[in-house]
Structure formats: C-alpha cells, structure tokens
Amino acid sequence: METVKKTEQLYEGKAKRVYATANPDYCIVSYKDDATAFNGLKKGTIAGKGAINNRVSNYLMQMLEQNGIPTHFVMECNERETVVKKVSIVPLEVIVRNIAAGSLAKRLGLEEGTKLKRPVLEFCYKNDALGDPMVNTYHILAMEFATQEELDLICQYSFKINDVLSEYLKAVNIELIDFKLEFGKTADGTILLADEISPDTCRFWDSVSGQKLDKDRFRRDLGGVEDAYQEVLKRLLGE
Ligand code: UDP
C-alpha cells in the first residue's frame, strides 16, 4: 500500500491523537504515553505505553479480523502511528465482563475475582462532562445513540470478541477479566470495531500468579506499570 501521510489534527483525546489524511476514508491515530484514570482526575505518563498499545491493539485487531470481526485497522505506519478507517464513533463504551472487578465489584458488593456465571454486557454514554454514565438499551434507543439493528450487531460482535479474545489470551497465560470496546460507523453505515484493545482498556490477570498486567497498576499505584505493559507485548508478539 502507498504511504499515507498525516494532514491536520482532527482530535486530541486522553491517550491518542487523530489526524486526517489525503484519503477521506482514512485517518491516522497516534498513541501517546499519557495516562489518565478516574475520569481524568489522576494523570501521569507511562514510558513506552503509546508504542506498546499501538502494537498490541493492531495485533489483536488483525487477529479478530481473521475471526470475522470487522475492525478499523488498515496499516501500521510506525511505532506509535496507525492508519485506520475513518468512522464516526458510536457514543457508547461497551464493557464486557467475565470476572467481577473494578466498578462492578463495588456496585454489586462482589469480591474482586468472583467469576460471573455468564458474561455481562454494560453500556456507558461517552460523555466526559457527565462522567460516562451507565445507560441501558432503552436509553440508547430513546437517545438515538444507535439504532436497534446497530445495537444488535454491537452486542453480537462484543460477545464474539470476548470468546475469541479470552481463548487467545488463555494460550499465553492471560485471563481476560473485563474490557471496554468502542464501535464506529463508516460513511456507508458499516459498523466496525474501533478505538483500541490494550492494557489501557482491558483487565489482564496472569492466569498462574493472578498478577495484574494492566492499567490497574497505574490506577491503584501498584508499581511496575511499564513492566506489566511490556510483559503483555512480549507474551503476544514475542518481543
Ligand atoms: N474501561 C476503559 N475506559 C473507561 C472505563 C473503563 O477502558 O473509561 C475499561 C477498564 O479498563 C476495565 C473495564 O473497562 O477493563 C471495566 O472498567 P470498570 O467499569 O470496572 O471501571 P474502572 O474500575 O476502570 O473505573
């Protein structure tokens, strides 16, 4: 494929910048080392995070594509930049949970690590000013965040991603506790997996030791943040 070059910056988020390209169907995302938690209240830097998340996310998205999930991934440009399909983001954070942790453990009074009898899907409305409030399918349809058909597809993809990803990670001794997905819509209305799948957006626990290999090390000041991200990269890509 010909080289794709960044033109103007379209958006700057907490962990990524998005740039336009000369091709109206493509954008370039650039991953930052900046880390935030608790709706931006906690801020910091995780050295090398941008490059690791770029590689890990691209690797997992390509693996998911091979398993029938359409994604925004087009081509890795360099260490921290990737060409992706231009989409409008469906304003939902889709959370999939296998084991109770974080806000679910707190909300339902469950001990962290409690296995759920079946996977749980949750939706939050992507809105920083409101603190990403949880919404249900009635809110989503009433607010027209997505149509019924789009939502059905989003749920179907999310459960399939959970199955494929859980199985894949098991082979490298990582247990997939929970994760957050975002979906986008192309100009022709196709729903694609967008954003990223990385230690920033998933809870990964070592299957043997139970050690946390994700952003909870930053959120909870557990230390060894860089090493944990590096370990995930190594287990997946062997580097
Ligand atoms: N998550 C995320 N971005 C968010 C909120 C959650 O990537 O803005 C991920 C988080 O890393 C975890 C899962 O979604 O893997 C569930 O997070 P939870 O609701 O437990 O919230 P947290 O405890 O992270 O505040």
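The present account deals with the structure reproduced in this document.

Calculation rules
- Residues numbered from 1 in each chain as written.
- Predicted model: local features only at pLDDT ≥ 70, side-chain atom pairs only at ≥ 80, totals over all residues.
- Heavy atoms only, no water.
- Near = heavy atom within 4 Å.
- Polar contact = N/O pair within 3.5 Å; in protein donor to acceptor, adjacent residues only side chain to side chain.
- Areas by Shrake-Rupley, 256 points an atom, 1.4 Å probe, with all protein chains shown as cover.
- Helix = DSSP H or I, 4+ residues; strand = E, 2+ residues; numbered from the N terminus.
- Nonpolar A, V, L, I, M, F, W, Y, C, P; charged D, E, K, R; others polar.
- Salt bridge = Lys/Arg side-chain N within 4 Å of Asp/Glu carboxyl O.
- Buried < 20%, exposed > 50% of the residue type's maximum accessible area, 1.4 Å probe, protein only.
- Pairing = 2+ DSSP bridges.
- Axes fitted to C-alpha atoms, helices over the stretch in contact; angles between N-to-C directions.
- Contact = heavy atoms within 4.5 Å.
- Parallel < 35°, antiparallel > 145°, perpendicular 65-115°, else oblique.
- Left-handed = near helix turned anticlockwise from the far one by under 90°.
- Core = buried A, V, L, I, M, F, W, Y, C linked by side-chain atoms within 4.5 Å.

What surrounds the ligand is a group of 14 residues, the closest being Arg97, Ser103, Asp178, Arg203 and Arg219. Residue glutamate 93 places a side-chain N or O atom 3.3 Å away from an oxygen atom belonging to the ligand. Within the side chain of arginine 97, a nitrogen or oxygen atom sits 2.7 Å from an oxygen atom of the ligand. Protein contact buries 77% of the 500 Å² of open area that the ligand shows by itself. For the shell around the ligand, the elements supplying multiple residues, two or more each, are strand 9 (92–99), helix 2 (102–108), strand 12 (174–185) and strand 14 (202–206). Class assignment for the residues of the shell around the ligand results in 4 nonpolar, 3 polar and 7 charged.

Bringing the pattern of salt bridges into the picture now. Note that side chains of opposite charge can pair when their charged atoms are close. The final tally for this structure, using the stated rule, is 27 salt bridges. Taking the shortest distance from any N to any O, the salt bridge between glutamate 122 and arginine 97 comes out at 3.1 Å. Of the two residues, glutamate 122 is situated in strand 10 (residues 115–125) and arginine 97 in strand 9; the sequence distance between them amounts to 25 residues. The partner of lysine 170 in a salt bridge is glutamate 167, and the shortest N-O contact between them spans 3.6 Å. Of this pair, lysine 170 and glutamate 167 both sit in helix 4 (residues 148–170), 3 residues apart, which is roughly one turn of the helix. The exposure class of lysine 170 is exposed, given its relative accessible area of 53%. Sharing partners across several salt bridges, the network here consists of Arg97, Arg107, Glu112, Glu122, Asp178, Arg203, Asp216, Arg219 and Arg220.

Ordered by their spatial adjacency, 5 strands build an open sheet running 1-2-3-7-6, and the pairing between neighbours is antiparallel. Edge strands, defined here as strands with exactly one partner in the open sheet, are strand 1 (6–12) and strand 6 (73–78). Averaged over all pairs of adjacent strands, the angle between strand axes in this sheet comes to 30°, irrespective of strand direction. For strand 1 and strand 2 (residues 16–21), the ladder comprises 4 bridges, and the chain directions are antiparallel. Bridge assignment links tyrosine 11 to a residue of strand 2, and that residue is valine 18. Here helix 1 (residues 49–66) sits on the sheet and contacts strand 3 (26–31), strand 6 and strand 7 (81–85); the angle it forms with strand 6, its principal contact strand, is near 150°.

This paragraph deals with the packing of helix 1 against helix 4. In a pair of packed helices, the angle between the axes and the distance between the axes together describe the arrangement. Running from N to C, helix 1 and helix 4 cross one another at 120°; their axes reach a closest spacing of 11 Å. When the axes of helix 1 and helix 4 are compared, the pair comes out oblique. Judged by the twist between their axes, the crossing of helix 1 over helix 4 is right-handed. Across the interface between the two elements, Tyr59, Leu60, Met63 and Leu64 from helix 1 touch Ile161, Val164, Leu165 and Tyr168 from helix 4. Residue classes in the contact of helix 1 with helix 4 are distributed as 8 nonpolar, no polar and no charged.

Here we take up the nonpolar core. Ile161, Leu181, Phe183, Leu193 and Ile197 are the most contacted members of the largest nonpolar core, which totals 46 residues. Elements with a contribution of two residues or more to this core: strand 4 (34–37), helix 1, strand 9, helix 4, strand 12, strand 13 (191–194), strand 14 and helix 6 (225–237). Counting residues per element, this core draws most heavily on helix 4, which supplies 8 residues. If we ignore the near neighbours within four places in the chain, the residues touching isoleucine 161 are Leu64, Ile69, Ser166, Phe179, Leu181, Phe183 and Leu193.

Even without glycine at this site, phenylalanine 38 takes up a positive phi of about 55°. Along the polypeptide, phenylalanine 38 turns up in the loop between strand 4 and strand 5 (42–45). Look at glutamate 144: it is not a glycine, yet its phi comes out positive at around 55°. Here glutamate 144 shows up in the loop between helix 3 (137–142) and helix 4. In this structure glutamate 144 comes out as exposed when scored by relative accessible area, which is 71%.

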